[in-house]
Amino acid sequence: GDSVTQMEGPVTLSEEAFLTINCTYTATGYPSLFWYVQYPGEGLQLLLKATKADDKGSNKGFEATYRKETTSFHLEKGSVQVSDSAVYFCALSDRGYGNKLVFGAGTILRVKS
Amino acid sequence: DAGVIQSPRHEVTEMGQEVTLRCKPISGHNSLFWYRQTMMRGLELLIYFNNNVPIDDSGMPEDRFSAKMPNASFSTLKIQPSEPRDSAVYFCASSADSYEQYFGPGTRLTVT
């Protein structure tokens, strides 16, 4: 079945450091890919998405490119802030399964000032 | 837009009691999802509905769990009888067929 694998955390960075959170997937079809973010005590929020190969999703300084050849969707940000501290989830949706999302385990990001 | 509304936000109950969690999806959304989040198991999809019809309940852990969606604006997740291992944060999410799911704030359930 479909699956998503994320790098284990926690990831601890200093403010203004460069961020990469790795995400790879397996899917039988042509999935859409997502990054969701969960701030402490809240539900998940959509951060960005990409629906086809080579698409780049971007939002709030975060970017991720849909790489079909490497089945990856790594999240990057050039300069993190303390307010970016949260849990980040990579997810996919394969049309063969309706609009159900398959989530990765989540990666905790801690940014220190 | 009020977003997805869940109630209660916190629930503390004793083992063996019935627990009912409630969700109001975003108006116009036709898919609704129930998730459970724990430290040990992460985020798990329990069940999802499309146009008020249950499509996939394979994630429901056992017969003690049941979910209903009597109309497009309301869903419940019931646990009867509850057990300590059911302690978790339960999220409801809704979607309008765009694969973008909008999550509610969650219900933190503690079963003692």
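Residues numbered from 1 in each chain as written. Chains lettered and ligands numbered in written order. Predicted model: local features only at pLDDT ≥ 70, side-chain atom pairs only at ≥ 80, totals over all residues. Heavy atoms only, no water.

(A) Expanded view of the packing of aromatic side chains. As enumerated under the stated definition, the model contains 12 aromatic pairs over all chains in all. Ring geometry for Tyr36(A) versus Phe103(B): centroids 5.9 Å apart, planes at 70 degrees, classification edge-to-face. Pair noted here: Tyr36(A) is in strand S5 (residues 32-38) and Phe103(B) is in strand S10 (residues 102-103), and the two residues belong to different chains. Pairing Phe33(B) with Tyr35(B) gives two aromatic rings, centres 6.4 Å apart and planes at 25 degrees, and the pair type is stacked. Residue classification places Phe33(B) among the buried residues on the basis of a relative accessible area of 0%. Aromatic ring contacts, followed pair by pair, group Phe34(A), Tyr36(A), Phe89(A), Phe103(A), Phe33(B), Tyr35(B), Tyr48(B), Phe91(B) and Phe103(B) into a single cluster. (Phe/Tyr/Trp six-rings, centres within 6.5 Å; stacked < 30°, edge-to-face > 60°. Helix = DSSP H or I, 4+ residues; strand = E, 2+ residues; numbered from the N terminus. Buried < 20%, exposed > 50% of the residue type's maximum accessible area, 1.4 Å probe, protein only.)

(B) Broad picture of unusual backbone geometry. In this structure, Pro10(A) follows Gly9(A) across a cis peptide bond, with omega equal to 0 degrees. With respect to the element layout, Pro10(A) can be found in the loop between strand S1 (3-6) and strand S2 (11-14). Along the chain, Ser7(B) connects to Pro8(B) via a cis peptide bond; the corresponding omega equals -10 degrees. Relative to the assigned elements, Pro8(B) resides in the loop between strand S1 (5-7) and strand S2 (10-13).

(C) Looking closely at the state of the cysteines. Under the counting rule described, the total for this entry stands at two disulfides over all chains. At a sulfur-sulfur separation of 1.9 Å, the disulfide partner of Cys23(A) is Cys90(A). For the disulfide bridge between Cys23(A) and Cys90(A), the dihedral angle about the S-S bond is near -70 degrees, and by the sign convention the bridge is left-handed. Here Cys90(A) lies in strand S10 (residues 86-93) and Cys23(A) lies in strand S4 (residues 23-26), a separation of 67 residues in the sequence. Cys90(A) carries the same exposure label as Cys23(A), and that label is buried. Shown here is the disulfide that connects Cys23(B) with Cys92(B), its sulfur atoms set 1.9 Å apart. Residues Cys23(B) and Cys92(B) are joined through a disulfide that is left-handed, its torsion about the S-S bond being -65 degrees. In this pair, Cys23(B) sits in strand S3 (residues 19-24) while Cys92(B) sits in strand S9 (residues 88-95), placing the two residues 69 residues apart along the sequence. (Disulfide = S-S within 2.5 Å.)

(D) Spatial organisation of the sheet that holds strand S7 (residues 56-59) of chain A. All names here are of chain A. The strand order across the open sheet formed by four strands is S3-S9-S8-S7, and the pairing between neighbours is antiparallel. One side of each edge strand has no neighbouring strand; the edge strands of this open sheet are strand S3 (19-21) and S7. For this sheet, the mean angle separating the axes of adjacent strands, direction not counted, is 15 degrees. (Pairing = 2+ DSSP bridges. Axes fitted to C-alpha atoms, helices over the stretch in contact; angles between N-to-C directions.)

(E) Spatial organisation of the nonpolar core. Residues and elements named next belong to chain A. With 26 residues, the main nonpolar core has Leu19, Trp35, Leu47, Leu48, Phe73, Leu75 and Tyr88 as its most contacted residues. Of all the secondary-structure elements, those providing two or more residues to this core are S2, S3, S4, S5, strand S6 (44-50), strand S8 (62-65), S10 and strand S13 (107-112). Looking at which element gives the most residues to this core, the answer is S10, with four residues. Apart from residues no more than four positions distant in its own chain, Tyr88 is found in contact with Gln6, Ile21, Trp35, Tyr36, Val37, Leu47, Phe62, Leu75, Gly106, Thr107 and Leu109. (Core = buried A, V, L, I, M, F, W, Y, C linked by side-chain atoms within 4.5 Å. Contact = heavy atoms within 4.5 Å.)

(F) Region of interest: the interface of chain A and chain B. Taken residue by residue, the interface counts 18 residues in chain A and 18 residues in chain B. Both sides of the chain A and chain B interface together cover about 1,500 Å² of buried area, and 52% of this is carbon and sulfur. For the pair chain A and chain B, the number of links is two salt bridges. Scanning the region where chain A abuts chain B turns up four residue pairs in polar contact (both at pLDDT 80 or more). In the side of chain A that touches chain B, the residues fall into eight nonpolar, six polar and four charged. (Buried area = accessible area lost by both parts, 1.4 Å probe. Salt bridge = Lys/Arg side-chain N within 4 Å of Asp/Glu carboxyl O. Polar contact = N/O pair within 3.5 Å; in protein donor to acceptor, adjacent residues only side chain to side chain. Nonpolar A, V, L, I, M, F, W, Y, C, P; charged D, E, K, R; others polar.)

(G) Spatial organisation of the layout of surface pockets. Size it by volume and the largest pocket reaches roughly 690 Å³. Lining of the largest pocket is provided by 30 residues; of these, Gln38(A), Val87(A), Gln37(B), Thr38(B) and Met39(B) occupy positions nearest its centre. When its residues are assigned to classes, the lining of the largest pocket shows 15 nonpolar, 12 polar and three charged. Within this model, the second largest pocket holds a volume of roughly 290 Å³. Among the secondary structure elements, those contributing two or more residues to the lining of the second largest pocket are strand S12 (101-103) of chain A together with strand S5 (42-50) of chain B. Top contributing element to the lining of the second largest pocket by residue count: S5(B), with five residues. Here the lining of the second largest pocket is composed, by residue class, of nine nonpolar, three polar and six charged. (1 Å grid on protein atoms, 1.4 Å probe; cavity = no way out; pocket = protein on both sides within 12 Å on 5 of 7 lines; lining within 4 Å. Points joined across faces, edges and corners; volume = space filled by probe spheres on them.)

These figures come from the coordinates and say nothing about function on their own.
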